[in-house]
Structure formats: structure tokens, C-alpha cells
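Read off the chains here:
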Amino acid sequence: MEFFVQLIITGTVIGSIYALLALGFTLIYKATDVVNFAQGELLMVGAYICLHLTVSYNVPFWASFLITLVFSFTMGFFIEKVFLRRMIGEPIISIIMLTIGLSSVMKAVVQIFWGTDTRTYPQVFSSEPFMIAGLSISRVYIYSIAAVAVFLVLFSLFFKKSKVGVAMRAVASDQQAALSMGIDVKKIFALSWGIAAVVSAVGGIFLGNINGINTTLSHFGLKVFPVVILGGLDSIVGAIVGGLIIGILENLAGGYIDPLIGGGAKEIFPYVVMIAVLMIKPYGLFGTKAVEKV
Amino acid sequence: MLKINNIEVVYNDVILVLKGLSLEVKQGSIAALLGSNGAGKTTTLKAVSGLLRPDDGEITDGEIWFDGERIDKKDAADIVKSGIFQVMEGRRVFKDLTVEENLIAGAYTRPGNTVSTAMERVYNYFPRLKDRRSQLAGYMSGGEQQMLAIGRAIMAAPKLILMDEPSLGLAPLLVKEIFNIITTLNREEGTTILLVEQNANMALSAAHYGYIMENGRVVLDGTTEELKANDDVKEFYLGLSEKKSFRDVKHYRRRKRWLS
């Protein structure tokens, strides 16, 4: 039983990071119709920047965290402005190729600066675990779940209450009508990329604190596909719920199936779920059933 | 107030839609723009509001002036800021946003502290929207959606509203209601309105001045009284002609007269 609960907790932590990543992915997809294959690289770059600031410049963790968020926002903003802006109206396959290219470039740049070795964050959170109901839970897990929850709440408030947030959803709903309202659609596009980079960086920083980082961190970008397909490509709630479900399922598979077959189940399980969802419920749990006119 | 001077609009670099169109809308008036399908009415409105670019259209010649300022090279967002708001054809409400969020989006260019008073004004005009303020706009009836579309325009407090077929797909009673609102808006707020309509009868009774378009040009214009008295308008737009034999081919010839 305790094993099961531990798996659930680890799954929730990883799942909440998936949720953040999927939130960024969905945001870009909804607002700009771009399928972003570089989401995992945004996460990786964020994790490296924060690590570098903390280790090499001895910046306190909270400060480097904030600086990383600002940096990530700027990076996302300019990626849209420089690369994606020119692709508006181009075929979807060219845009996908562009984001794949971006992902390779970002990975290469990270390897140039920091190499391929695994690096670990200095001890930020005390290693003494929390004891909750007889279970010991590591502090970094609690903090990362809390941070993710705070970010998700902040963003839902932003989308519901602020003028810019409402404008972003308006652009996602009907671009031309939004334009007729004086909403600067290009600015909203750039903003979506900025925010997507920020949430990914938050995920990256906490992942780094849990596991340490190397360039394989970018593989998290591919995990975002099972998550968003389960949740529904264009649903923000779906991204969050899907993230948690995939995280937990993955860990359960790792805990119970891996010992039986000698490993590997954890890695493939999300994709098995993805294929099953595609066959049974192709629009996901919360996605809109849009009829595409051919 | 609005002056369109001899504009030409080309779609996709090849399709010439407006061929030297000119018209003028006076401050505080309602002008109606009538014409058959494909005459270029919607294109005219989009040329003014700067919404041609997403449709791959471009103004290749002529100029558009608004309040003494040339706007044909400006961005759609800047044009909205200068006081022109287009209510697009087919309502185009944001379906997965609530009524209130739709209105907030409409007030995007306005300072934040004016939003709540503007919203009260919209609810004054359309009490029905107030009842549905937290409902998703996509689930409302066509009439309510049109009210919401006009409500969004009121939120932006524009000097000039471009209205593209507000009566589209509505029951006659609702059409009347919508036109009532349009005339009240004009009378009480002093908003200038350029109205594109298929329902010529309604449009001519609401407007002060009318333009009739065909094939990308204005072929006839005048005060609405003049237009209503015009034989061609009566026959082609109001359906008021006397009974006559279908063998009478003069019908076609008269139509041609405008195009030469």
C-alpha cells in the first residue's frame, strides 16, 4: 500500500510538470495554430539558465528563478517574432519542420555551453523529508507541486480576469473577429510564446531540482503529446488533468509492470495510452469536436 | 467624416474587386450601402477597417480619409483606436467566451476604468444580455448573438460603426428590433453608422443617405427619399414594380445601363 501511495505521489509531481508543459503547448496551439515540437527544449533551456545562474554566479535560488522566468519570456517572445512571424499563412508541415529545427538548434546551443554531462542543482530545499500520515515525502516534491499549483491558479485567473488574458482567448476563438476589435493579434502570438516558455522553464527548474539535468531533459517535450491528446489539444483544463493522469499512470506502470518484464514499461506507457485515446476518443477528454472542412 | 476616394482593392494579386469606389459618410448620419451579392460591399467595409490583409486583399489605389487623417495604410488595431469599429458579417461572437468576456474583448482598446460603465450601457440597450452575462456566447440564439456583436461595438465607444448585414438570418421581428437599436444608437450616442444590407427596405428606412453598388463601383447614390423614389431601385431592390410580362426583356437592358 505504501509503495502504491509513493508511486502516486511521484506521479503527481511528474504529472504536474507535464501539466505545465502541456499548458504551454496548448497555449501556443490554441492561439497560433502552431504545433510546437520545441516545447521540451524551452524547458531544458530554462533549467540550464537557472542552474548556471545559481552555480556559476552564486545568485540566490529565488533570484535566479525569477531571472530565468524573465529570460524565458523574452526568449519565447523573440522566437515568435523572429521565426514564427514569417510563417503565418504557410502550410502546417513547414511550421512543424521549423519548430523541429528550432529544437535541434536549442539543444545544440545548450550542449556547446554546458556539455552533455548530467549536472545537479545545489541543495536548495532541505533534504529532510516531510512526514505526512506516516509517509515520508521529500521536500522538493511538496514545493514543486505547490509551485505548479500556484502557477496554474495564476494563469487561470489571468485568462479569466485580465483584459489581455481574455484577448488571448478571443484570438484563439476567432482571429479575424479579434482583429476587428483592435486586438493586436501579432502581439498576442508573441505573448503566447513568451508565456509558454515561462511555464516550461518552471517545469524544467523543478525537474532539475528533483533529478539533475542533462540534455535528455528535452525528451520531456515528446511526453507532452500523450498528455495533450488525452486532455484534448485545445483545452487548458485538459492539459492539466491530462498531465496528472499521464504522470501517475506512467509511474504506476514503472512500479508494477517494469519488475515483471524487466523495464521499459514506464517509458512506453504514455504512448500506449495516447494510441488508445486516439482510437476511442480522438478529441480527448476536454477537446472541442470541431468538424474540419476539407 | 469618412471619405473613400477612388479605391481599388485586389485579392490575391489578381482579383480586382473594387474598381474605383468613392463614397462619403457625414458625421452623425447613417449611410446605407446596398448591392447584390459579390458587388464588393463587405470588401469596402474591410478596406476601411483594415481587415483585408488576413483575406489576402490589398488596397492598390486611392485613399481613405477619416477625421482628416489618412487611414488606408494603417493597421487594423490602429484604425480601431482612431474610432472605427466593424461589426462583422455573421456576428462572429467568441463562442467559447461568456457574454461578459466578449464585451471585455470589445473594450480592448479602451482604458480599463471605463469598462464597467460601458458594460452598463450595453446592458441598458440589451437587457437580455444582462440575464445571460455568464453564459457562453456560442449557446445563444442568433438574435442574441447579433445583440452581443453590436454590444461589443458599443463597448469600444467608436465614432463610426461599420455594420455588415446585421439582419442576416434573423426573424423579421428581430430584424426590426436590431434596426431600432441601430437608429437609437445613432440618435442618442451620435454614432455615425455605415450600414451594409441585403434587406434594402429596412436599410433605406433607417438610413439618411444611400449608395448602390454594382461590380465594385457605386452606381447610384442619393438621400434615402430620392432612392426610394427611383424606379430602378424600386424594381431591383424593393420589389415594388408593377406586374409585367416575363417576356419583357427591358429588365436586363436597364440593368446594363449602369455598368457602361
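Residues numbered from 1 in each chain as written. Chains lettered and ligands numbered in written order. Predicted model: local features only at pLDDT ≥ 70, side-chain atom pairs only at ≥ 80, totals over all residues. Heavy atoms only, no water.

Draft legend 1. Region of interest: the sheet that holds strand 2 (residues 15–25) of chain B. Residues and elements named next belong to chain B. Across the sheet, which stays open at both edges, the four strands sit in the order 2-1-4-5 with antiparallel pairing between neighbours. Pairing within the sheet leaves two strands with one partner each, and these edge strands are strand 2 and strand 5 (69–70). Judged from the eight bridges that link them, strand 1 (residues 2–11) and strand 2 form a sheet pairing that is antiparallel. Counterpart to Ile 4 in the pairing with strand 2 is Leu 23. Contacts from helix 1 (residues 41–49) reach strand 1, strand 2 and strand 4 (57–66) within the one sheet, and its direction differs from that of strand 1 by about 110°. (Pairing = 2+ DSSP bridges. Helix = DSSP H or I, 4+ residues; strand = E, 2+ residues; numbered from the N terminus. Contact = heavy atoms within 4.5 Å. Axes fitted to C-alpha atoms, helices over the stretch in contact; angles between N-to-C directions.)

Draft legend 2. Representation of the interface of chain B and chain A in the model. Of the residues lining the interface, 24 residues belong to chain B; the matching set on chain A comes to 19 residues. With both chains or domains summed, chain B and chain A bury close to 2100 Å², and 61% of this area falls on carbon and sulfur atoms. A per-residue breakdown of the area chain B buries against chain A is headed by B:Phe94, B:Glu101 and B:Tyr108, which together make up 34% of the total. The interface formed by chain B and chain A holds three salt bridges in total. A salt bridge links B:Glu101 to A:Lys160, with the nearest nitrogen and oxygen atoms 3.3 Å apart. Elements with a contribution of two residues or more to the side of chain B that touches chain A: helix 2 (76–81), strand 6 (84–87) and helix 3 (99–106) of chain B. In terms of residue count, the dominant contributor to the side of chain B that touches chain A is helix 3 of chain B (four residues). Along the lines of polarity and charge, the residues of the side of chain B that touches chain A split into 13 nonpolar, three polar and eight charged. (Buried area = accessible area lost by both parts, 1.4 Å probe. Salt bridge = Lys/Arg side-chain N within 4 Å of Asp/Glu carboxyl O. Nonpolar A, V, L, I, M, F, W, Y, C, P; charged D, E, K, R; others polar.)

Draft legend 3. Seen up close, the pattern of salt bridges. Under the counting rule described, the total for this entry stands at 17 salt bridges over all chains. A salt bridge links B:Arg92 to A:Asp174, with the nearest nitrogen and oxygen atoms 2.6 Å apart. Highlighted residues: B:Arg92 in the loop between strand 6 and helix 3 and A:Asp174 in the loop between helix 6 (163–173) and helix 7 (175–180), drawn from two different chains. Classification of B:Arg92 by relative accessible area gives partly exposed; the value is 26%. By sharing partners, the salt bridges in this structure join B:Glu63, B:Arg70, B:Asp72 and B:Lys73 into a single network. (Buried < 20%, exposed > 50% of the residue type's maximum accessible area, 1.4 Å probe, protein only.)

Draft legend 4. Summary view of helix 3 of chain B. Counting buried residues along helix 3 of chain B, seven of its eight residues qualify, which places the element largely inside the surrounding structure. Those residues of helix 3 of chain B not exposed but buried are B:Val99, B:Glu101, B:Asn102, B:Leu103, B:Ile104, B:Ala105 and B:Gly106. Contact partners of the buried residues in helix 3 of chain B: helix 5 (139–161) and helix 6 of chain A together with strand 6, helix 4 (115–125), helix 5 (127–131) and helix 6 (142–155) of chain B.

Draft legend 5. Structural view of the environment of A:Ser103. All names here are of chain A. With respect to the element layout, Ser 103 can be found in helix 4 (residues 92–114). Here the alpha-carbon distance between Ser 103 and Val 82, two residues 21 residues apart in the chain, equals 15 Å. Those residues in contact with Ser 103 that sit more than four places away from it in its chain are Phe 37, Ala 38 and Glu 41.

Draft legend 6. How the structure looks around the pairing of strand 6 of chain B. Residue and element names in this part refer to chain B. Residues Ile 84 and Gln 86 line one face of strand 6 and the alternating positions Phe 85 and Val 87 line the opposite face, and both faces are buried. Two strands pair when backbone bridges link them, and strand 6 and strand 7 (residues 160–164) are joined in this way by four bridges, in the parallel orientation. Each bridged residue has a counterpart across the sheet, and for Ile 84 the counterpart in strand 7 is Leu 160.

Draft legend 7. A look at the confidence of the model for chain A. A residue-level look at chain A finds 98% of positions with pLDDT of 70 or above and a mean pLDDT of 88. Confidence, read as mean pLDDT per element, is least for strand 1 (residues 130–132) of chain A in chain A (78) and greatest for helix 3 (residues 61–84) of chain A (94). (pLDDT = per-residue confidence, 0-100.)

Draft legend 8. Quick peek at the nonpolar core. Ranked by size, the top nonpolar core spans 152 residues in total, and within it A:Ile183, B:Phe126 and B:Leu129 carry the most contacts. Residue contributions to this core peak at 15 residues, all from helix 8 (residues 185–211) of chain A. With sequence-adjacent residues up to four places away left out, B:Phe126 is seen in contact with B:Met147, B:Ile150, B:Gly151, B:Ile154 and B:Ile181. If you look at the next biggest cluster of nonpolar residues, it comprises 30 residues, including B:Leu18, B:Leu21, B:Ile59 and B:Leu160. (Core = buried A, V, L, I, M, F, W, Y, C linked by side-chain atoms within 4.5 Å.)

Draft legend 9. Summary view of the sheet that holds strand 3 (residues 30–35) of chain B. Residues and elements named next belong to chain B. With respect to topology, six strands assemble into an open sheet ordered 6-7-8-3-9-10, the strand pairing being mixed. The open sheet is flanked by strand 6 and strand 10 (217–223), the only strands paired with a single partner. The average undirected angle you get between the axes of adjacent strands in this sheet is 15°. Looking at chain direction, strand 3 and strand 9 (residues 209–214) are connected through five bridges and run parallel.

Draft legend 10. Up close: the packing of helix 9 (residues 220–231) of chain A against helix 10 (residues 236–261) of chain A. Residues and elements named next belong to chain A. Axis separation between helix 9 and helix 10 bottoms out at 8 Å; the angle between their running directions is 120°. By the criterion of interaxial angle, the relationship of helix 9 to helix 10 is oblique. Note that helix 9 runs across helix 10; the crossing there is right-handed. Across from Lys 223, Pro 226, Val 227, Leu 230 and Gly 231 in helix 9, the residues of helix 10 making contact are Gly 238, Ala 239, Gly 242, Gly 243, Ile 245, Ile 246 and Glu 250. Looking at the contact of helix 9 with helix 10 residue by residue, the classes come out as six nonpolar, four polar and two charged. (Parallel < 35°, antiparallel > 145°, perpendicular 65-115°, else oblique. Left-handed = near helix turned anticlockwise from the far one by under 90°.)

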